[in-house]
Amino acid sequence: MKTGLVIEGGGVRGIYAAGVLDVFLEAGMEFDGVIGVSAGAIHGCSYLSRQKGRSLRYYKRYCNDPRFMSLRSLLTTGDLVGEQFCYHDIPDRLDVYDHAAFFANPAPFYVTCTNVETGRAEHIRMTDMAAQIDCLRASASLPYVSRMVEIDGRKYLDGGIADSVPLRAFEGMGYPHNVVIRTRPSAYRKKPELQALPALFYRDYPAFAAIFANRHRDYNLTAAYIAERERQGAVFVIAPKEPLDIGRLEKNPENVQRTYDRGYADATELLPRLKKWRETGREP
């Protein structure tokens with residue numbers, strides 16, 4: 001049966017997943033398909049191009065660069081995360097993305113975006129990272145601090161709004177066994193946010209505002225579903241044991257390194273069990 005890889009996002013907190021993915025690269029562990037959300041999609045790219053250490057390298061190098069992520073970028077461009085710098089300058093010149101390796105990787109790669117007009121998650125297959133870079137950008141475009149990304153006449157924002165951990169979607173796409181990388185502890189449950197703010201900010205997009213206001217409910221239902229599928233042996237979860245002490249918009253390179261190291265250590269510890277699960281369909 002096909003085994004998929006599902007990667008949760010979480011802003012800079014997602015660097016935890018980058019540590020896990022680098023352990024997979026060292027171990028030569030591959031999957032039949034990969035799906036990522038927001039930062040999970042960002043780090044999934046470097047995993048699929050087999051560029052170990054790339055995510056950590058450029059996050060540490062540029063996290064304090066105002067072109068990378070800053071209030072100045074938000075005020076001058078409408079995007080907290082700089083479009084030109086992050087999605088063109090870095091992969092094209094500063095830390096070059098290996099498109100040939102991505103093309104050569106047989107695993108299909110999907111990114112999850114939220115359609116602002118319908119309020120629904122869309123899981124878009126990436127076949128050309130350069131030509132489809134706006135799909136990746138849409139998946140990671142945080143509400144309130146990002147412009148909507150228009151693709152083929154449709155408007156998108158952060159995939160985590162409609163489907164934070166798209167396990168059900170990936171199962172429906174033909175991946176009955178999945179490794180899920182979380183960036184929150186398995187026991188974490190999201191609390192309600194300000195209910196009125198999405199309706200006010202996105203009043204022209206009522207379907208999006210509604211799903212945004214109820215994101216905590218959908219997230220918690222997904223977390224419970226992941227736990228149930230894990231008990232059934234269909235899912236193997238790698239998640240931090242304790243909450244990650246890092247900001248969603250972290251600027252401290254040492255904290256970035258520390259969080260990456262936690263992901264790396266957790267994956268290293270769990271690797272023997274993961275290999276056994278993949279061989280037998282259950283943990284030893």
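Scoring rules and cut-offs
- Residues numbered from 1 in each chain as written.
- Predicted model: local features only at pLDDT ≥ 70, side-chain atom pairs only at ≥ 80, totals over all residues.
- Heavy atoms only, no water.
- Phe/Tyr/Trp six-rings, centres within 6.5 Å; stacked < 30°, edge-to-face > 60°.
- Buried < 20%, exposed > 50% of the residue type's maximum accessible area, 1.4 Å probe, protein only.
- Helix = DSSP H or I, 4+ residues; strand = E, 2+ residues; numbered from the N terminus.
- Lys NZ or Arg CZ within 6 Å of the ring centre and 35° of its normal.
- Contact = heavy atoms within 4.5 Å.
- Core = buried A, V, L, I, M, F, W, Y, C linked by side-chain atoms within 4.5 Å.

Trainee: Give a description of the packing of aromatic side chains that names residues and reports values.
Mentor: Tallied over the full model, the rule gives 20 aromatic pairs. With 4.2 Å between their ring centres and 15° between their planes, F170 and Y175 make a pair best called stacked. Each member of the pair, F170 as well as Y175, carries the same accessibility label: buried. Pairing F208 with F212 gives two aromatic rings, centres 5.7 Å apart and planes at 55°, and the pair type is tilted. Separated by four residues within a single helix, F208 and F212 lie in helix α10 (residues 206-213), roughly one turn from each other. Note on F212: relative accessible area 5%, which makes it buried. When the ring centre of Y188 is taken as origin, the NZ or CZ atom of R184, which lies over that ring, is 4.3 Å away. A cation over an aromatic ring shows up here: K190 above the ring of Y219, its NZ or CZ 5.0 Å from the ring centre.

Trainee: Tell me about the side chain of D158, residues and numbers included.
Mentor: With respect to the helices and strands, D158 occurs in strand β6 (residues 154-158). A relative accessible area of 2% means that D158 is categorised as buried. What D158 contacts, discounting residues up to four positions off in sequence, is S38, T114, A138, S139, S141, L142, P143 and R248.

Trainee: Account for the nonpolar core, with residues named and values stated.
Mentor: In this structure, L5, F24, F68, F109, V111 and L136 are the most contacted members of the largest nonpolar core, which totals 60 residues. Residue contributions to this core peak at eight residues, all from helix α1 (residues 15-27). With near-sequence residues (within four places) excluded, F109 lies in contact with V34, G36, A41, G44, C45, L48, F102, I124, R125, M126 and M129. Listed in part, the 13 residues of the second largest apolar core include Y110, L167, Y225 and I226.

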